[in-house]
Amino acid sequence: MAKSTSSTQKRRSGRRSPLASIALIVVGLLSTGGAYALFTTAATAETTVAHEQLTEEGSKLFAANCATCHGLDLAGTEAGPSLIGVGEASVEFQVATGRMPMAQSGPQAEEKPVQFTEEQIEALYTYVGAQAPGPGIPDEEYLAADGDAALGAELFRINCAMCHNVAGAGGALTEGKFAPSLTGVSAQHIYEAMVTGPQNMPVFNDENISPEDKANIITYLTYLDENPSPGGLSLGNLGPVSEGLFIWIFGLGAIVAITVWLTAKSN
Amino acid sequence: MTSTDTHAGTTTGATGNAAPSAVVPTRGARFTGAAANYIDERTSISGLVKEVGRKIFPDHWSFMLGEVALYSFVVILLSGTFLTFFFEASMVPVEYDGSYVPLKGIEMSAAMASSLDISFDIRGGLLMRQVHHWAALLFVASIGLHMLRVFFTGAYRKPREINWLIGFVLFILAMAEGFTGYSLPDDLLSGNGLRIIDGMVKGIPVAGTWVSYLLFGGEFPGTEIISRLYVLHILILPAILVAALGVHLLLLIINKHTQFAGPGKTNDNVVGAPIMPVFAAKAGGFFFIVFGVIVLIAATVTINPIWNYGPYDPSPVSAGTQPDWYIGFADGALRLVPPGLEFVIFGFTVSMNILIPLVGLGLFIAVVAFYPFIEAWMTGDKREHHIADRPRNAPTRTAIGAAGVTFYAVLWAAASSDLIATHFYVSIESVIHTLQALLFIAPVVAYQVTKRVCLALQKKDREIALHGFESGRIVRLPGGEYIEVHEQLDDYERWKLVSYNEYKPLMIRPDANGKISVLQRVRGGLSTWFFEDRISPVTSTDIERSHDSSH
């Protein structure tokens, strides 16, 4: 689990920050990796103690940051739904993508810069997960993106493309809600989104799409991320609209500029 | 290198370019001469070459838009021929086994598989596909802009009404070519498009279902449609298109070009470069420029990434599904119809949500097609026109054009309502409702604003023609009075400002029986509407008078 979160971290920050920050990431990886290594060795000795500590820390964090909306007993309030049984996966997804704690009420909780450290996030989800069972943090074997991309692509077209667009470019839903673009989303978050169904997204449980097939979908999305568009600039994968704008503005624009130049009086 | 060509037949200063030389011809020249003579004796082509070769092209940039369309069509033909060598127009299911990993082993039609092979496994194939598709988008776009030029300069007026109609047919054919071509790869996106067409056809009362079955050879999607579209796309439509294009160009030569007013440019001549040799050389160069721009775009920017879309399958539909831009207005019309308009009568559902856009767009298109005739009837103008109007000098027409463009633009925007919603963080409902309102309000506003702007510009022109323009130089007169010196235009500049015709509303007269029919009354009303607001052009007496009175 430790490894998976740190590799996640790497991919996400690689997307966000320019290449110059690679050095920083390496340092970060080494230190978090080292810390985790230490932590896990210690944990094997005193698992229950560590777990209790985490739960306790999580409970404090929750009371301070989340309880106003979700209630101290997790049962929910006017301002937020009940978190009983949402599972560790849901909390990890919501908090590690920056959606929670929710900032202002809008049509849908927006992604924001993440507000907690990895340990704090772990504490939070361990705490919520300890209150009632629910979907847990996904197994690493499904997150390696080494499945069947073709099968994943087909499943994606059938189950996800109507909201997220075939190329994962995102799309509009009703009342200002939208399905976000899936470029650069980490394997873990893709998996968690499927099992927890954040907000307007349906839940795809294991009967619906088996864990192996979820891995295939992740493989496909990773393929799209890692392979640049074969035809050149992708224009945001928005399809004919961006192509039409492009031909009018740049294609015809260039040609009209040339005709004006050609017919200009030479003086 | 300017030359003139006459409309009336009386030549005015045409420069001959056959200068007899006393020099002994070289071997090469003798050979060309003999070859030309050989061909001429057998085909009498010299008459044609003389006629065509002396055609004069005016030199305003907007007159080159039609050429852009022509050249992109040539590019389409060339790249399309390449594609036919490898494309397989069949819906036989095959298992894809090419190099694109995320589709390996997926079952798809042979059409889709061969399109993927063109994209990934045939050398230069992807470039050719992209050249073909980008050129098609440019083709329709340049036709559109060309039509706007012709419209706003009134170049469709007598004797060119027929050629407007033929040009319009070319535009429709270009869109049909585009749509059939877009459907050929049998990918998910175009399949969704075909499904919409199927739905629209089925929405036509009584005949719809039958027509749909006829078209698709059974229930949608069937196993026939791709090969049928292919025949349309590479045989029938191009054949009609080329024929219509031939007539279009022929009429262009017969009617000659319009031109903007200017010194020496009258209603009876055309001033510009003759087609041979200057224009032909320029045009040849320009062809390669257009070709170059298309290839540059095709080499750097993806178009229609069918590998992302995957093979067609009736169940999945992608978010953000749109047609190519030129079909967008129809898609937009469908998106803007409010829900719940369909009703059931005698057990048949009448799909008003489809019929309203069909009829509405049909009317819009018909008005575009027949506008020259409608305007001629309203204005009663039966004169020949060879001088292009400056748009401001025909305020009502320009305003009508602006309203039409706005109407089209709103429909067009509606086709991307979902992208507007996600990219500007607004809800899709508010986008749709705004566009619904704009569809009716915006054209009216555009009409009024354009008309006012045109009239204001005309007034300004009149001012300048009469009094010159403000030079910014302040002079103090001996009496202590300050005046700003107005600089007079030279005669060439003034000519451009004053030479346009003045129109007056039709006077409706009683017919032989002393009655005025309702139709005539309507016509009179329309004509008044068309011409009632106008600024008279400056006459020479006006100018003289103003020169006498001032400075």
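Being a predicted model, the structure only gives us computed values, none of them experimental.

**Q** I would appreciate a short explanation of the environment of B:Ala207 in the present structure.
**A** You can see B:Ala207 is positioned in the loop between helix H7 (188–203) and helix H8 (208–216). Taking C-alpha positions, B:Ala207 is 36 Å from B:Leu83, a pair spaced 124 residues apart along the chain.

**Q** Would you take a moment to explain the UniProt feature "transmembrane region" (unreviewed entry) in chain B for this structure?
**A** As annotated by UniProt and renumbered to match this structure, "transmembrane region" (unreviewed entry) occupies residues 68–87, 131–152, 164–184, 230–254, 286–307, 343–373, 394–415 and 430–450 of chain B. The distance separating the terminal C-alpha atoms of residues 164–184 of chain B is 30 Å; by composition the span is 95% helix and 0% strand.

**Q** Quick question: what am I supposed to make of empty space enclosed by the protein here?
**A** Left-over empty space is what a probe sized like a water molecule reveals as it rolls over the atoms. All names here are of chain B. Counted according to the given criterion, the structure contains four cavities of 30 Å³ or more. As a volume, the second largest cavity reaches approximately 80 Å³. Lining the second largest cavity we find Tyr156, Arg157, Lys158, Glu161, Pro372, Glu375, Ala376, Thr379, Asp381, Arg383 and His385. In terms of residue count, helix H13 (residues 352–379) provides more of the lining of the second largest cavity than any other element does, four residues in total. Of the residues that constitute the lining of the second largest cavity, the class distribution is three nonpolar, two polar and six charged.

**Q** Could you clarify how one ought to interpret helix H1 (residues 27–43) of chain B in this entry?
**A** The periodicity of an α-helix, 3.6 residues per turn, causes residues three or four positions apart to be oriented the same way. Relative to the 24 Å expected for 17 residues at 1.5 Å per residue, H1(B) spans 24 Å between its end C-alpha atoms, a close match to the ideal helical length. Looking at the residues trailing H1(B), positive phi occurs at B:Ser44, about 50°.

**Q** Can you help me understand the packing of aromatic side chains in this one?
**A** The geometry of two aromatic rings is summed up by the distance between their centres and the angle between their planes. Applying the stated rule across the entire model yields 33 aromatic pairs over all chains. On the basis of an interplanar angle of 25° and a centroid distance of 5.4 Å, the ring pair of B:Phe73 and B:Phe139 is categorised as stacked. Here B:Phe139 lies in helix H5 (residues 125–152) and B:Phe73 lies in helix H3 (residues 65–86), a separation of 66 residues in the sequence. By relative accessible area, which is 7% here, B:Phe139 ends up buried. Three or more aromatic residues link up through ring pairs in this structure, and these residues are A:Trp248, B:Trp325, B:Tyr326, B:Phe329, B:Tyr408 and B:Trp412. One residue, A:Lys214, lies across the ring of A:Tyr191, its end atom 5.6 Å from the ring centre. One residue, B:Arg42, lies across the ring of B:Tyr38, its end atom 3.7 Å from the ring centre.

**Q** Quick question: what am I supposed to make of the pattern of salt bridges here?
**A** Between side chains of opposite charge, pairing is possible as soon as their charged atoms come close. Residue and element names in this part refer to chain B. On inspection of all chains with the given rule, the structure shows 14 salt bridges over all chains. The partner of Arg397 in a salt bridge is Asp389, with the nearest N and O atoms 3.2 Å apart. Per residue, the accessibility class of Arg397 equals that of Asp389, and both read buried. One salt bridge in this structure joins Asp461 and Arg390, with 3.0 Å as the shortest N-O distance. Here Arg390 lies in the loop between strand E9 (387–388) and helix H14 (395–414) and Asp461 lies in helix H16 (residues 428–467), a separation of 71 residues in the sequence. Judged by relative accessible area, Arg390 falls into the partly exposed class, the value being 24%. Connected via shared salt-bridge partners are Arg157, Glu375, Asp389 and Arg397.

**Q** Explain the domain arrangement of chain A to me, please; I cannot follow it from the model alone.
**A** A common way to state how big an interface is: give the accessible area lost once the parts meet. Residue and element names in this part refer to chain A. Along its sequence, chain A is carved into domain 1 (43–136) and domain 2 (138–250). For domain 1 and domain 2, the distance between their C-alpha centroids amounts to 26 Å. Taken together, the contact between domain 1 and domain 2 spans 15 residues of the former and 14 residues of the latter. Between domain 1 and domain 2 lies a buried interface of about 1200 Å² when both sides are counted; carbon and sulfur atoms form 55% of it. It is Phe93, Pro107 and Gln108 that lose the most area in domain 1 upon contact with domain 2, and together they represent 45% of the buried surface on that side.

**Q** Could you clarify how one ought to interpret a nonpolar patch on the surface in this entry?
**A** Residue and element names in this part refer to chain B. The grouping of Val231, Leu232, Ile234, Leu235, Ile236 and Ile240 at the surface amounts to a nonpolar patch, some 470 Å² of accessible area in total. Positionally, Ile234 belongs in helix H9 (residues 225–255). Ile234 gets classed as partly exposed once you look at its relative accessible area, which sits at 38%.

Thresholds applied
Residues numbered from 1 in each chain as written. Chains lettered and ligands numbered in written order. Predicted model: local features only at pLDDT ≥ 70, side-chain atom pairs only at ≥ 80, totals over all residues. Heavy atoms only, no water. Helix = DSSP H or I, 4+ residues; strand = E, 2+ residues; numbered from the N terminus. UniProt positions renumbered as here; feature names shortened; annotations may be inferred. 1 Å grid on protein atoms, 1.4 Å probe; cavity = no way out; pocket = protein on both sides within 12 Å on 5 of 7 lines; lining within 4 Å. Points joined across faces, edges and corners; volume = space filled by probe spheres on them. Nonpolar A, V, L, I, M, F, W, Y, C, P; charged D, E, K, R; others polar. Expected span 1.5 Å × (residues − 1). Phe/Tyr/Trp six-rings, centres within 6.5 Å; stacked < 30°, edge-to-face > 60°. Buried < 20%, exposed > 50% of the residue type's maximum accessible area, 1.4 Å probe, protein only. Lys NZ or Arg CZ within 6 Å of the ring centre and 35° of its normal. Salt bridge = Lys/Arg side-chain N within 4 Å of Asp/Glu carboxyl O. Domains from an automatic or database assignment. Contact = heavy atoms within 4.5 Å. Buried area = accessible area lost by both parts, 1.4 Å probe. Patch = residues over 30% accessible without salt bridge, like charges linked within 9 Å, V, L, I, M, F, W, Y side chains within 5 Å. Areas by Shrake-Rupley, 256 points an atom, 1.4 Å probe, with all protein chains shown as cover.

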